[in-house]
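# Fold and geometry: a report
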Amino acid sequence: MHIKIVNPNTTRAMTDKIGDCARSVAGPGTLVEAVSPQMGPASIESHYDEALSVPGLLEEIARGEEAGVDGYVIACFGDPGLDAARELASGPVLGIAEAAMHTASFLGRGFSVVTTLGRTRGRAWELAERYGMQRFCLGVHACEIAVLDLDRDPDAVKVITEACRAALDRDGSDAIVLGCAGMADLCAVISAELGVPVVDGVAAATLMVQSLVTLGLRTGARGEFAAPLPKKYTGLLEGFGR
């Protein structure tokens, strides 16, 4: 089985970390390929960043189809380009916010999301509503550490852990969802410190895609998620015509 993890930003060090976290949970015989697009933002922290990350993401999905990839994970908590990727892919495609929220909903009455910058909280709430998680998502909180500073700030783990502690107390939640793929390697240490389940969407999505492929399931393509209609694209998007 071949699963392709697409980190929609272009920061290779983060992509490497994401790949390591995905491989740590993938089953025997599953090849995990982690990639960054050739074009796009260094990090995704706004609607503008998210929109401009999608062409590079879709280019990687198209390359995956040529290589016979079985399923895909979009490794950004905004789940950018998810619907479009499902139109292109012959196998299942999951976003990490989608996977993390559903996984956390199995672990108690409710969960809290702890993300990076406060300006991204609205997107997380929007996705919770889209995925039918309003009942379970009890709060979305920011640690106010920029994505690229997660590995640069020596106090980042402490700050994120304390933000998780405060979220649990404020929301009365039973679990934490880490709201950034750049936090993918922090689950064990935060869970040990706080004594609650901590969910990373990269690991959750990898295992869900692996399960869907094993079950022989893919996105239904009779209507909305059928392949895009062929048409001409111009300018910078000329190569995206089908």
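Look above for the structure.
This report concerns the structure included in the present document. It should be emphasised that the depicted structure is a prediction, and the values quoted were computed from it without experimental measurement. (Residues numbered from 1 in each chain as written. Predicted model: local features only at pLDDT ≥ 70, side-chain atom pairs only at ≥ 80, totals over all residues. Heavy atoms only, no water.)

## Some remarks on the pattern of salt bridges
For clarity, the cut-off: One speaks of a salt bridge when a side-chain nitrogen belonging to Lys or Arg is within 4 Å of a carboxyl oxygen belonging to Asp or Glu. A run of DSSP states H or I qualifies as a helix once it reaches four residues; a run of E qualifies as a strand once it reaches two. Both are numbered from the N-terminal end. To sort residues, take the accessible area from a 1.4 Å probe on protein chains only and compare it with the maximum for the residue type: under 20% means buried, over 50% means exposed, and anything in between is partly exposed.
The final tally for this structure, using the stated rule, is 14 salt bridges. Lys17 is paired through a salt bridge with Asp185; the nearest N and O atoms lie 3.7 Å apart. In this pair, Lys17 sits in helix α1 (residues 12-25) while Asp185 sits in the loop between β7 (175-178) and α7 (187-194), placing the two residues 168 residues apart along the sequence. Residue classification places Lys17 among the buried residues on the basis of a relative accessible area of 12%. What you see here is one network of salt bridges that share partners, running through Lys4, Glu59, Glu60 and Arg63.

## Let's talk about the side chain of His2
Cut-off, in case you're wondering: Each polar contact in these results corresponds to two N or O atoms within 3.5 Å; when the atoms are within protein, one needs to be able to donate a hydrogen and the other to accept it, and residues that are neighboring in sequence are counted only if both atoms are side-chain atoms.
Within the secondary structure, His2 sits in strand β1 (residues 2-6). On the accessibility criterion, His2 (15% relative accessible area) is buried. For His2, the side chain forms a polar contact with the side chain of Glu33, separated by 2.9 Å.

## Examining the layout of surface pockets
For clarity, the threshold we go by: Throughout, the protein atoms alone are placed on a 1 Å grid, and a set of points is a cavity if a 1.4 Å probe fits but cannot get out or a pocket if it is open with protein on both sides within 12 Å along at least five of seven lines; lining residues have an atom within 4 Å of a point. Grid points are joined across faces, edges and corners, and a volume is the space filled by probe spheres set on the points. Note that Gly is not counted as nonpolar here; it falls among the polar residues with everything else outside the nonpolar set of Ala, Val, Leu, Ile, Met, Phe, Trp, Tyr, Cys and Pro and the charged set of Asp, Glu, Lys and Arg.
What the largest pocket holds in volume is close to 390 Å³. Along its surface, the largest pocket is lined by 17 residues, and Leu58, Leu88, Tyr233, Phe240 and Arg242 are the ones closest to its centre. Within the residue set of the lining of the largest pocket, elements represented by two or more residues are α2 (47-67) and α3 (82-88). Considering every element that reaches the lining of the largest pocket, the biggest residue donor is α2, with six residues. Of the residues contributing to the lining of the largest pocket, the split by class is 10 nonpolar, one polar and six charged. Approximately 330 Å³ is the volume attributed to the second largest pocket. Around the second largest pocket, the lining comprises 23 residues; the ones closest to its centre are Ile44, Glu45, Cys76, Gly78 and Thr120. For the lining of the second largest pocket, the elements supplying multiple residues, two or more each, are α2 and α5 (121-130). Of the residues belonging to the lining of the second largest pocket, the class tally is nine nonpolar, 10 polar and four charged.

## Considerations on helix α6 (residues 156-171)
Helical geometry note: an α-helix holds 3.6 residues per turn, so side chains three or four residues apart project in the same direction. Spelled out, the test is: In this analysis, the expected span of each helix is defined as 1.5 Å times one less than the number of residues it contains. The arc refers to the directions leading from the helix axis to the C-beta atoms. The criterion used for residue contact is that any of the two residues' heavy atoms lie within 4.5 Å.
With 16 residues, α6 should reach 22 Å at 1.5 Å per residue; the first-to-last C-alpha distance of 22 Å fits that figure. Inspection of α6 places Ala156, Ile160, Thr161, Ala163, Cys164, Ala167, Leu168 and Asp171 among the buried residues, and these make up the whole buried set. Buried residues of α6, seen end-on, are gathered within an arc of 160° and therefore sit on one face of the element. Facing away from the buried side of α6 by more than 90 degrees, the exposed set consists of Lys158, Asp169 and Arg170. Those residues of α6 that are buried lie in contact with β5 (111-115), β6 (137-142), β7 and α7. Looking at the residues trailing α6, positive phi occurs at Gly172, about 65°.

## Re the sheet that holds β1
Test applied: In this analysis, strands are considered paired if DSSP registers two or more bridges between them. Every axis in this analysis is a line fitted to C-alpha atoms, fitted for helices over the stretch in contact. Angles between the N-to-C directions lie between 0 and 180 degrees.
Here we have four strands laid out as an open sheet, ordered β2-β1-β3-β4, and parallel in their pairing. The open sheet has two edge strands with one neighbour each: β2 (31-35) and β4 (93-95). Adjacent strand axes in the sheet meet at a mean angle of 20° when their direction is disregarded. Relative to β2, β1 runs parallel, the two sharing five bridges. If you follow Lys4 over to β2, its bridge partner there is Glu33. Lying over the sheet, α2 contacts β1, β2 and β3 (71-74), oriented at roughly 170° with respect to β1. Relative to β4, helix α4 (residues 96-105) is tilted by about 75°, and along the sheet it contacts β3 and β4.

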